[in-house]
Amino acid sequence: MKRRILLALAGGTLVTAGALTLSMFIAPYPVVPLDSVRAAWRASDAWLLDRHGEPLSRVRVDHQRRRGDWITPAEVSPAFVAAVLAAEDRRFHAHAGVDWPGMIGAFWQTLTGGRRGGSTLTMQVAAAVHPKLARSGARDVLQKWRQMRQALAIERSWRKDEVLEAWLNLTPFRGELEGTDAAARALFGKRAAGLDRSESALLASLVRAPNACLVQVARRACALLALGVDSEECLLIQSMAAQGLRHGPARHAIGGDAPHLARRLLSAPGQRLVSTLDARVQRFAVETLTRHLHELNGRQVEDGALLVLDNPTGEIIAWVGSSGGLSNAGEVDGVTARRQAGSTLKPFLYALAIEKQLLTAASILDDSPLAVTTPAGLYVPQNYDHSFRGSVSLRQSLASSLNVPAVRTVTLVGHEAFYRQLKGLGFDTLDRDAHHYSYALALGGADVTLLQLTNAYRTLANGGWSGAVVTTPTAQTRDDEGEQVMTAQAAFIVGDILADPAARALTFGLASPLATRYAASVKTGTSKDMRDNWAVGYSDRYTVGVWVGNFSGKPMHDVSGVTGAAPVWREVMDFLQQGVEPAQREPPEGLVRQRVVYADGSEPAREEWFVAGTETATVTPVGSMAGRPSIESPANGAIYAVDPDIPRDRQRLTLRARAAARTAARGHWFEFDDGTRLRADAPQLWPPTPGRHEMALVDAQGTEIDRVRFEVRGLRRPGSGLASSR
């Protein structure tokens, strides 16, 4: 009986041992080729490529885990490979997937209360390829057995260098870091090929306990290198651990030559998107903007942005969203940020007036003091240099960026019509109604983006044809997606004015960054308090827009469009025009070239472009505010208030007349509607009387020259219960 029992037990043991031995050669899961593992692997980053496939920017789009590039053992420092084998699998090249002596040692340590995994690199790869093999808990022994079987199967199909390659890319290190490339870049700021002996030991020490405390990781790295805790190299390792592991990887890694556009376009891990950017132009634009901002050091200028568009296609050739390291807000994209437009909207205003045949390029405009009553109050525009030129042509008014003639022009065409023109050009940031902006639209009293503004100037370059911009070669616009938003004749005349160095000399002189050796139309702009300045212009092929300022809204110190943005615009435009044969701009049908003579000699005779039917040979200025005395103060439509806290006899309103040629208005009088008369040859201090008033300026014969209406209001003193009469 006993013998039978013993035989049965022996037989059962042999069967079990045989079954176990046989099962070692049966993998729990199919062995996938390494090529399939590579194909299924995705970096957490995506790449933006230029039109030729050259990498420009790398952006992290997967924030659950961080993977770098897939690398081979040849792309890894030999010191790191040696450290990994010493820490994780000393007999890697000798075993067939399972290190049996190591497994026995791990089993014995576990029985005696220690803790040792005993997993080979191949077993770790098996768990990485099949995540179910990595589950921990009550089934640790069973899972380990399955890992061993899968590892043996892998080694029967893969070479050792393939196993090592998979391990280098699939192994987690610390936190969200997965793979050697990501860990080396994030923790040490270098590629895996550049890891030195100490860095390799630190990184290898993270594998067994990725989230261990810094002291423990440093101690294990020192032990791996057989260093004493007080040795110089060990102290260096401790310092490296404190610096690299404490701060960890940046969560939103973004960089390269075009980071802002990359962040807008890239969305899928591992994506490699070909864009319309040209790496050569992009890098030159970045370098040029940065260098010029450095030259403005001391003038409180931090930020800038630049955009280059291809006129025929709308393709974006360069997109520079910020000044990078110079900026305190480098993540802000200056190409799409809303900023005050300054004078950059004037070309579209004059194009509208020419299109409606209300004005021609030869028309005389009045550059004299002006006050316009608006729903928001009294609007008193000033020129940039606070002076006035009197009678001046539209050509000079636009090219020299005079403000008062522009406001007079918007009163002529109507601010509602100008508002509709800007909306048609794509200025979607005008999100209030026309009455909100009123006549300040003429001087850029609205927020725009560099993208909108540059594309609107591209519309001028394309003869009034507006179309969307393109960021990828596969997103080409169709012909029916554009729209004729202004006549080709008006666009050509405005472009001719913006390319006229003689017309802009009144403000900018003949030697400025705006003067090019080739045909280029350009306009500058500066917003209130020098918070923004612009230079936007185009050649036959390209449109370039530049913004310089501060994202914080701080004003710059003595920086205008011609000194801040214009030099950048000129240098980038020169770069684009290299090797390009200058082309003569061909006028569209419906234009007439006519010699114009100014009867009063205010401007020299010249050849001028006209819309057919509006041409004239002689321009004779008519009487205007610029050529006769007028009332400067009070402004027509103004409302003044009497302060109840100041004694009435100490409050005065200045009455002042402006005479022709800046002489005194001799022999002229201020005449009120109640018959009161005061001399107008010098400013008068008039005691304000609550109510509505009319005041005329009359000459010695009593002939009325100018008239204004204004109101004086009495304010209620708090707590008095009384109010002054109106």
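In what follows, the structure referred to is the one given above.
Notes on the structure in this doc start here. (Residues numbered from 1 in each chain as written. Predicted model: local features only at pLDDT ≥ 70, side-chain atom pairs only at ≥ 80, totals over all residues. Heavy atoms only, no water.)

### Focus on the overall build of the protein chain
Then, in step 1: Looking only at helices and strands, the protein chain has 22 helices and 30 strands in total.
Then, in step 2: Across the 726 residues of the protein chain, 50% fall into the buried class.
Then, in step 3: Sequence-distant contacts in the protein chain: of pairs separated by 6 or more residues, those separated by 24 or more amount to 68%.
Then, in step 4: Within the structure as shown, the protein chain displays about 33900 Å² of accessible surface, and the carbon and sulfur contribution to it stands at 53%. (Helix = DSSP H or I, 4+ residues; strand = E, 2+ residues; numbered from the N terminus. Buried < 20%, exposed > 50% of the residue type's maximum accessible area, 1.4 Å probe, protein only. Contact = heavy atoms within 4.5 Å. Areas by Shrake-Rupley, 256 points an atom, 1.4 Å probe, with all protein chains shown as cover.)

### What about the sheet that holds strand S7 (residues 303–310)?
Then, in step 1: Reading across from one edge, S8-S7-S19-S18-S17 is the order of the five strands in this open sheet, with antiparallel pairing throughout. Of all the strands in the sheet, just strand S8 (316–320) and strand S17 (521–526) have a single pairing partner and so form its edges. When the angles between neighbouring strand axes are averaged without regard to direction, this sheet yields 5 degrees. (Pairing = 2+ DSSP bridges. Axes fitted to C-alpha atoms, helices over the stretch in contact; angles between N-to-C directions.)

### Focus on the nonpolar core
Then, in step 1: Within the largest apolar cluster, 75 residues are counted, with the highest numbers of intra-cluster contacts made by Phe348, Phe418, Leu422 and Phe427.
Then, in step 2: Counting 53 residues, the second largest nonpolar core, distinct from the first, contains Val125, Ala166, Ala184 and Leu202. (Core = buried A, V, L, I, M, F, W, Y, C linked by side-chain atoms within 4.5 Å.)

### Re the pairing of strand S20 (residues 591–598)
Then, in step 1: Pairing of S20 with strand S21 (residues 606–611), which is carried by six bridges, proceeds in the antiparallel orientation. Looking across to S21, one finds that glutamine 594 is bridged to glutamate 608.
Then, in step 2: Here S20 runs beside strand S22 (residues 618–619); their pairing, made up of two bridges, is parallel. Within S22, the position partnered with tyrosine 598 by the bridge is valine 619.

### Focus on the packing of helix H9 (residues 197–205) against helix H10 (residues 214–224)
Then, in step 1: Relative orientation of the contacting elements H9 and H10 amounts to 120 degrees, with a least axis distance of 8 Å. The orientation of H9 with respect to H10, classified from their angle, is oblique. Once H9 is placed against H10, the crossing between them reads as right-handed. Of the residues in H10, those touching H9 at Ala201, Leu202, Ala204 and Ser205 are Val217, Ala218, Arg220, Ala221 and Leu224.
Then, in step 2: In terms of residue class, the contact of H9 with H10 is made up of seven nonpolar, one polar and one charged. (Parallel < 35°, antiparallel > 145°, perpendicular 65-115°, else oblique. Left-handed = near helix turned anticlockwise from the far one by under 90°. Nonpolar A, V, L, I, M, F, W, Y, C, P; charged D, E, K, R; others polar.)

### Here's the deal with helix H19 (residues 450–461)
Each α-helix turn comprises 3.6 residues. Residues three or four places apart therefore point the same way.
Then, in step 1: Between its first and last C-alpha atoms H19 spans 16 Å; for 12 residues at 1.5 Å apiece the expected length is 16 Å, and the two agree.
Then, in step 2: With respect to burial, H19 is a largely interior element, 11 of its 12 residues being buried.
Then, in step 3: Among all positions in H19, only Leu450, Leu451, Gln452, Leu453, Thr454, Asn455, Ala456, Tyr457, Arg458, Thr459 and Leu460 are buried.
Then, in step 4: Positive backbone phi, approximately 70 degrees, marks glycine 463, located one or two places after H19. (Expected span 1.5 Å × (residues − 1).)

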